[in-house]
Amino acid sequence: MDRQSAVGQLSAAVEAFADTYLAGTERWCVGLSGGPDSLALTAVATRMRATTALVVDHGLQAGSADVAATARAHALALGCVAAQVLCVQVGVDGGPEAAARSARYQALDGARGDQPVLLAHTLDDQAETVLLGLGRGSGARSIAGMRPHDPPWCRPLLGVRRAVTHAACDELGLTAWQDPHNTDRRFTRARLRQEVLPVLEEVLGGGVAEALARTATALREDGELIDSLAAQALTTAARGEGLDTTALAVLPDPVRRRVIRRWLLDRGAIGLTDKQIRGIDGLVTAWRGQGGVAVGSTLRGQRLVAGRRNGVLSLRREPV
């Protein structure tokens, strides 16, 4: 195979990923939308392992069932051992993009069995994710972007530009589906892709997407170190279901906030923002008898409220 060709570049990326993270894995799944990124990934994945294609039909566009059926047919023609269409209902929590993503991941997780799932996120997707995190001001974890390996999710193409997957489809003679949502200005990511990143590339002289991806990698490595320190500190600070504020107060600020975040997530918090976490951190570092801080809960119709009493952070549930 010509390693300089687009297909060769994709194959090299997937091979390197598999050698690093999936040694000994004989079967895997691939999340297939029918678009050029996932179609190109499916084409190279089937040459390396027994591959099952999982096609999610979100039901959000007219003709989505036909698109899913075509993607399934492509998968079988490319050599997948199996291809399954997963029909989902998309909720409303977090907005249309977040709700669709949540439904998609839930469906993929339910259908994969014990196999890892390859996802076709590219370097361009990573750059967009970093910009979204910057704009929302949700902390270093958000700016750190997507992890290459976050079991069971595998992203072997995070170092590959989107143009390469499109070129690979051309080389293979594959007609990919072009999702109209990718050019729909109602969606934030579509506007970043079409308007913001091109301007940044022009103003800063190119290389912006690669620079954003490098930033994500650096922050992710730093974050993983803080996570390991926070895991140890969480054990030390635990007081039943609460946290000892004295033990928390002596921790470095980033570690303490990471402990608080992990504690909240373990108890059913969702949709956490940096502002909320810092508010709860203030119950430790700037205690003046203030009231609690509310966060979202996995239980519909309820919220969690973090408060301090007798030197212990605790959580209570309240109706929304």
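Calculation notes
- Residues numbered from 1 in each chain as written.
- Predicted model: local features only at pLDDT ≥ 70, side-chain atom pairs only at ≥ 80, totals over all residues.
- Heavy atoms only, no water.
- Helix = DSSP H or I, 4+ residues; strand = E, 2+ residues; numbered from the N terminus.
- Rg over C-alpha atoms; globule rule 2.2 N^0.38 Å.
- Buried < 20%, exposed > 50% of the residue type's maximum accessible area, 1.4 Å probe, protein only.
- Contact = heavy atoms within 4.5 Å.
- Areas by Shrake-Rupley, 256 points an atom, 1.4 Å probe, with all protein chains shown as cover.
- Lys, Arg positive; Asp, Glu negative; His and termini not counted.
- Charge placed at Lys NZ, Arg CZ, Asp CG, Glu CD.
- UniProt positions renumbered as here; feature names shortened; annotations may be inferred.
- Domains from an automatic or database assignment.
- Core = buried A, V, L, I, M, F, W, Y, C linked by side-chain atoms within 4.5 Å.
- Disulfide = S-S within 2.5 Å.
- Right-handed = clockwise from strand over helix to strand, strands pointing away.
- Pairing = 2+ DSSP bridges.
- Axes fitted to C-alpha atoms, helices over the stretch in contact; angles between N-to-C directions.
- Parallel < 35°, antiparallel > 145°, perpendicular 65-115°, else oblique.
- Left-handed = near helix turned anticlockwise from the far one by under 90°.
- Nonpolar A, V, L, I, M, F, W, Y, C, P; charged D, E, K, R; others polar.
- Phe/Tyr/Trp six-rings, centres within 6.5 Å; stacked < 30°, edge-to-face > 60°.

**Let's talk about the overall build of the protein chain**
When you go through the protein chain residue by residue, the secondary structure sums to 12 helices and 12 strands. The C-alpha atoms of the protein chain give a radius of gyration of 22 Å, which matches the 20 Å a tight globule of 320 residues would have. Each principal axis of the C-alpha distribution contributes one length, and for the protein chain these read about 70 × 45 × 45 Å. For the protein chain, the proportion of its 320 residues judged to be buried stands at 43%. Long-range contacts, defined here as pairs at least 24 residues apart, represent 64% of the contacts in the protein chain between residues at least 6 apart. As displayed, the protein chain offers around 16,100 Å² of accessible surface, 51% of which is attributable to carbon and sulfur atoms. Positive and negative side-chain charges in the protein chain, numbering 37 and 34 respectively, have mean positions lying 8 Å apart.

**Re the UniProt feature "domain: tRNA(Ile)-lysidine synthase substrate-binding" (unreviewed entry) in the protein chain**
The UniProt entry lists residues 243-297 under the feature "domain: tRNA(Ile)-lysidine synthase substrate-binding" (unreviewed entry), expressed in the numbering used here. As annotated, residues 243-297 comprises 56% helix and 16% strand, and the C-alpha atoms at either end are separated by 19 Å.

**Things to note about the domain arrangement of the protein chain**
Segmenting the protein chain into domains produces domain 1 (6-212) and domain 2 (240-319). Between domain 1 and domain 2, the C-alpha centre-to-centre distance is 34 Å.

**Structural notes on the nonpolar core**
The nonpolar side chains of a soluble globular protein tend to be buried with one another. One finds L10, W28, L32, L41, A53, L118 and L157 to be the most contacted residues of the largest nonpolar core, which totals 34 residues. Counting only elements with at least two residues in this core, the list comes to α1 (6-21), β1 (27-31), α2 (36-45), β2 (50-57), α3 (64-78) and α7 (162-172). If we skip the residues at most four places from it in the chain, L118 touches L22, W28, C29, V30, G31, L41, A45 and C154.

**A word on the state of the cysteines**
Taken as a whole and assessed by the stated rule, the structure comprises zero disulfides. C80 takes part in no disulfide bond, and the closest cysteine sulfur to it belongs to C29, at a distance of 9.5 Å.

**Observations regarding the pairing of β1**
Every other side chain in a regular strand lies on the same face of the sheet, so the side chains alternate between the two faces. By the criterion of burial, β1 is predominantly enclosed, with four of the five residues buried. A crossover links β1 with its parallel partner β2, the connecting element being α2, and its sense is right-handed.

**Points about the environment of A107**
Counting through the fold element by element, A107 comes out in helix α4 (residues 96-111). Taking relative accessible area as the criterion, A107 reaches 16% and is therefore assigned buried. Distance in space between the C-alpha atoms of A107 and P151 is 15 Å, their sequence separation being 44 residues. If we ignore the near neighbours within four places in the chain, the residues touching A107 are L86 and V88.

**Quick word on the sheet that holds strand β11 (residues 302-309)**
Across a sheet, paired strands are connected by hydrogen bonds in the backbone, their directions being either parallel or antiparallel. Strands sit in the order β7-β8-β12-β11-β10-β9 across an open sheet of six strands; the sheet is antiparallel. Either end of the sheet is taken by a strand with one partner, and the two such strands are β7 (238-239) and β9 (269-270). Summarising the sheet, strand β8 (residues 242-244) and strand β12 (residues 312-319) pair through two bridges and their orientation is antiparallel. Residue pairing across strands places L243 opposite L313, the latter belonging to β12.

**Focus: unusual backbone geometry**
Backbone torsion omega between P151 and P152 reads 5°, so that peptide bond is classified as cis. Take P152: it is sitting in the loop between β5 (149-150) and β6 (153-154). Phi angles above zero are rare outside glycine, and N310 is one such case at about 55°. Position of N310 relative to the elements: it lies in the loop between β11 and β12.

**Notes on the packing of helix α11 (residues 253-266) against helix α12 (residues 274-285)**
How two helices pack is summed up by the angle between their axes together with the distance between the axes. Where α11 contacts α12, the axes come no closer than 10 Å and their chain directions differ by 115°. As the angle between them shows, α11 and α12 are arranged roughly perpendicular. Classified by chirality, the crossing of α12 by α11 is right-handed. Two secondary-structure elements touch here, α11 through R256, R257, I260, R261 and L264 and α12 through I277, R278, I280, D281, V284 and T285. Among the residues making up the contact of α11 with α12, the classes are represented as five nonpolar, one polar and five charged.

**Here we look at the packing of aromatic side chains**
Tallied over the entire structure, the rule returns two aromatic pairs. Centroid distance F17 to Y21: 4.7 Å. Interplanar angle 45°. Geometry classified as tilted. Remark: Y21 and F17 occur in helix α1; sequence separation between them is four residues, near one turn of the helix. Residue classification places F17 among the buried residues on the basis of a relative accessible area of 7%. Accessibility expressed as a relative area gives 39% for Y21, which makes it partly exposed. Considering the side-chain rings of Y105 and W153, the 4.9 Å spacing of their centres and the 90° angle between planes classify their relative orientation as edge-to-face. Residue Y105 is located in helix α4, and its partner W153 is located in strand β6; the two are separated by 48 residues in the primary sequence. Look at W153 and you get buried, because its relative accessible area is 11%.

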